[in-house]
Amino acid sequence: MAPLHSSSMSACSSPLLKDVIGDLDRHSYVALLTKLIGESEYVQNNPPKYKPKENRVARHVLDVLLPLSTTPNNGGGGGPLVVQHITNPKYPERGNVIAEYPGTGDGAVSFVGMHMDVVPVVNPKDWKFNPFSLSVDGDRLQGRGTTDCLGHVALVTELMKRLGETKPKLKNSIYAVFICNEENGEVTGIGVDMLAKERYLDALKAGPLYWIDVADKQPCIGSGGMITWHLKAIGKQFHSGLPNKAINAMELNMEALKVIQTRFYSDVPPLPEEEKYKYATPSTMKPTQWTYRGGSVNQIPGQCEISGDVRLTAFYSPKDIVKKLHAYVDDINANIEDLDTRGPVSKYVLPDEGLKGRVEIETDPEIIAGIACNLDSRGYHVLSEATKEVIGFVEPYADTGTLPLVRDLQVKGFDVQLTGYGINDVYHADNEYCLFSDMEQGFEVFVSIISKLEEDK
């Protein structure tokens, strides 16, 4: 496997690029999206129950782009696209696709982050339509992945297809990077992290990198960092009629979590920079899951676990916060008798038995840092100009939703900017849909970005 390198075409500025490429073709887009949503059941990502096979989506992308590519022995039709299908050999059903439309110069414009996996559908019966089959209701295109992110996969595939068909003369090379394994971090080294490590993305440093996996047609100028945590309480199980002989792990865990959250919000307050970047919320820590190994209703539990996450604005270091979480737990255990109790016989120490309750915290290995995009870069200015030109207004925003590796790419020298054309209200939700009209505008924004960057000297 080798990184992509640009080849040459005759170059000129392309102020009328829109006239050359045209608009997003509804029939072609819907036909491709129908195939992609038809694979969504098989690309749900939440191991061990759901192990996605992103190559089921990748093959449809390849079916569109390979006939317009120089790729030998794989359906290549003589160019001009350069297409690679890149897979970690340990996971042969989980691949990535990189497509390049070569320009004559050293510049680059890239569209990255369109992921070919989806979040699971918890219960298809709760949906108003079949989540695993595209349904069309006027402007609404419905099904799992339409917003996040198979709708964007289809959109950028159509963009590269039109470039390959119309062959405009460009100075900048245009890249599209379709990735696997975005929705779950249990498996690493197979998606965009592998592509960056093995230097497939190096050429993308020559211009702005647009990460296409957000919503509502506006620049997202900040994302969140994430830490997932598990707080385990260990007490003593006993008969509920004799609570004086038990250490109630549920009570212990609830009170410990209250202390941890209180200290977190004291140590991690809102920052002035968050207002500048228009973050919807400050940093947060909250429980999202409760685990108990089971027992009778008349048994006081001896163990239980609360899990949740920390979401951080881009201005806090996740590694520093992990250290704080462990320090909070150490303090609780050292002063367990000072922890609030619940009722006259609730306690966390049984002196006659030499027992003390305790809590333990673990954080998952994948810790993600948030990103604050460079608002002074040419990439951001062009995105803002194109958005205003096509959408009619620009309202940048930030939130603590998490995108993998974007901060790492920024640190490595990429000008990462975030945008997308799904519907924020249905991200990871039932009854997911997107609007064709939004995707149509997204296509126009992309063409405008390419054209404006061609005009740079």
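Because the structure is predicted, anything quoted here is derived from the model rather than measured.

A. Inspection of the overall build of the protein at higher detail. Scanning the protein from N- to C-terminus turns up 11 helices and 19 strands. For the protein, the C-alpha radius of gyration of 25 Å lies close to 23 Å, the compact-globule estimate for 457 residues. With respect to the principal axes defined by its C-alpha atoms, the protein has extents near 85 × 45 × 40 Å. Scored against the burial criterion, the 457 residues of the protein give a buried share of 54%. Relative to all contacts within the protein whose residues are 6 or more apart in sequence, the contacts with residues 24 or more apart total 81%.

B. Structural detail: the pattern of salt bridges. Using the criterion set out here, one finds 18 salt bridges in the structure. Put simply, Lys 452 and Glu 389 hold a salt bridge, and the shortest N to O gap is 3.0 Å. Of this pair, Lys 452 sits in helix H11 (residues 436-454) while Glu 389 sits in helix H9 (residues 378-391), placing them 63 residues apart in sequence. Connected through shared salt-bridge partners, Glu 39, Arg 56 and Arg 59 make up one network.

C. Expanded view of the packing of aromatic side chains. On inspection of all chains with the given rule, the structure shows 8 aromatic pairs. Seen from their ring centres, Tyr 279 and Phe 315 are 6.2 Å apart, and the 75 degrees between their planes marks the pair as edge-to-face. Here Phe 315 lies in the loop between strand S13 (303-312) and helix H8 (318-334) and Tyr 279 lies in the loop between helix H7 (272-276) and strand S11 (284-291), a separation of 36 residues in the sequence. Of the residues examined, Phe 315 reaches a relative accessible area of 27% and is grouped as partly exposed. What links up through ring pairs into an aromatic cluster is the set Phe 111, Tyr 210, Tyr 421 and Phe 446. Above the plane of the ring of Phe 436 lies Arg 26, whose end atom (NZ or CZ) is 5.2 Å from the centre. Directly above the aromatic system of Tyr 433 lies the positively charged group of Arg 140, at a separation of 3.7 Å from the ring centroid.

D. Just the pairing of strand S2 (residues 95-101), in detail. Of all 7 residues in S2, 7 are buried; the element is thus mostly enclosed. The sheet contact formed by strand S1 (residues 82-87) and S2 spans 6 bridges and is antiparallel. Paired with Gln 84 across the strands is Ile 98, a residue of S2. Across 5 bridges, S2 lies against strand S6 (residues 173-179) in antiparallel orientation.

E. Representation of the nonpolar core in the model. Tyr 29, Phe 111, Met 160 and Phe 178 are the most contacted members of the largest nonpolar core, which totals 60 residues. With 9 residues, H11 is the largest single contributor of residues to this core.

F. Quick look at the packing of helix H4 (residues 150-166) against H11. The N-to-C vectors of H4 and H11 enclose an angle of 45 degrees; their axes lie 10 Å apart at closest approach. As the angle between them shows, H4 and H11 are arranged oblique. Read as a crossing pair, H4 and H11 show a hand that is right-handed. The residues of H11 that touch H4, namely those facing Gly 151, His 152, Leu 155, Val 156, Glu 158, Leu 159 and Arg 162, are Met 439, Gly 442, Phe 443, Phe 446, Val 447 and Ile 450. For the contact of H4 with H11, the per-class residue count stands at 8 nonpolar, 3 polar and 2 charged.

G. Spatial organisation of the side chain of Lys 236. Along the chain, Lys 236 turns up in the loop between strand S9 (225-234) and strand S10 (238-239). The exposure class assigned to Lys 236 is buried, which follows from its relative accessible area of 16%. Of note is the side chain of Lys 236, whose polar atom sits 3.2 Å from the backbone oxygen of Lys 245. Within the structure, Lys 236 has its side chain in polar contact with the side chain of Glu 353 (distance 2.9 Å).

H. Local environment of the sheet that holds strand S4 (residues 135-137). Strand order in the open sheet formed by 3 strands is S4-S5-S19, with antiparallel pairing between adjacent strands. Where the open sheet ends on each side, the last strands, each with one partner, are S4 and strand S19 (433-435). Strand after strand, the sheet turns through a mean of 25 degrees between neighbouring axes, direction not considered. Sheet analysis places strand S5 (residues 140-142) next to S19, joined by 3 bridges and oriented antiparallel. Its bridge partner lying in S19, Gln 142 is registered against Tyr 433.

I. Structural view of the domain arrangement of the protein. We note that the domain assignment places domain 1 (17-219 + 373-455) and domain 2 (225-367) within the protein. Taking only C-alpha atoms, the centre of domain 1 and the centre of domain 2 are 39 Å apart. Domain 1 puts 11 residues into the contact, and the matching count from domain 2 is 14 residues. Here domain 1 meets domain 2 over a buried area of about 970 Å², counting both sides, of which 52% is carbon and sulfur. By the criterion of area lost to domain 2, the three top residues of domain 1 are Ala 398, Thr 400 and Thr 402, representing 50% of everything that side buries. Along the contact surface separating domain 1 from domain 2 lie 0 salt bridges. Linking domain 1 to domain 2 there are 6 residue pairs in polar contact (both at pLDDT 80 or more). Each residue belonging to the side of domain 1 that touches domain 2 can be placed in one class, and the counts come to 5 nonpolar, 4 polar and 2 charged.

J. Examining the environment of Lys 169 more closely. Structurally, Lys 169 is set in the loop between H4 and S6. The exposure class assigned to Lys 169 is partly exposed, which follows from its relative accessible area of 43%. Once the C-alpha coordinates of Lys 169 and Pro 102 are considered, the two residues, 67 residues apart in sequence, prove to be 9.4 Å apart.

K. The arrangement of helix H3 (residues 55-65) in detail. The set of residues buried in H3 consists of Asn 55, Val 57, Ala 58, His 60, Val 61, Leu 62 and Leu 65. Packing partners of the buried residues in H3 comprise helix H2 (26-37), S1, S2, H4 and S6.

L. View of the pairing of S13. The buried fraction of S13 amounts to 8 of the 10 residues, a majority that puts the element mostly inside the structure. Bridging between S9 and S13 involves 10 bridges; their strand directions are antiparallel. The residue bridging His 230 from the neighbouring strand is Ser 307, located in S13. Where S11 meets S13, 7 bridges bridge the pair, whose relative direction is antiparallel. The residue bridging Thr 284 from the neighbouring strand is Arg 311, located in S13.

Criteria and thresholds
- Residues numbered from 1 in each chain as written.
- Predicted model: local features only at pLDDT ≥ 70, side-chain atom pairs only at ≥ 80, totals over all residues.
- Heavy atoms only, no water.
- Helix = DSSP H or I, 4+ residues; strand = E, 2+ residues; numbered from the N terminus.
- Rg over C-alpha atoms; globule rule 2.2 N^0.38 Å.
- Buried < 20%, exposed > 50% of the residue type's maximum accessible area, 1.4 Å probe, protein only.
- Contact = heavy atoms within 4.5 Å.
- Salt bridge = Lys/Arg side-chain N within 4 Å of Asp/Glu carboxyl O.
- Phe/Tyr/Trp six-rings, centres within 6.5 Å; stacked < 30°, edge-to-face > 60°.
- Lys NZ or Arg CZ within 6 Å of the ring centre and 35° of its normal.
- Pairing = 2+ DSSP bridges.
- Core = buried A, V, L, I, M, F, W, Y, C linked by side-chain atoms within 4.5 Å.
- Axes fitted to C-alpha atoms, helices over the stretch in contact; angles between N-to-C directions.
- Parallel < 35°, antiparallel > 145°, perpendicular 65-115°, else oblique.
- Left-handed = near helix turned anticlockwise from the far one by under 90°.
- Nonpolar A, V, L, I, M, F, W, Y, C, P; charged D, E, K, R; others polar.
- Polar contact = N/O pair within 3.5 Å; in protein donor to acceptor, adjacent residues only side chain to side chain.
- Domains from an automatic or database assignment.
- Buried area = accessible area lost by both parts, 1.4 Å probe.

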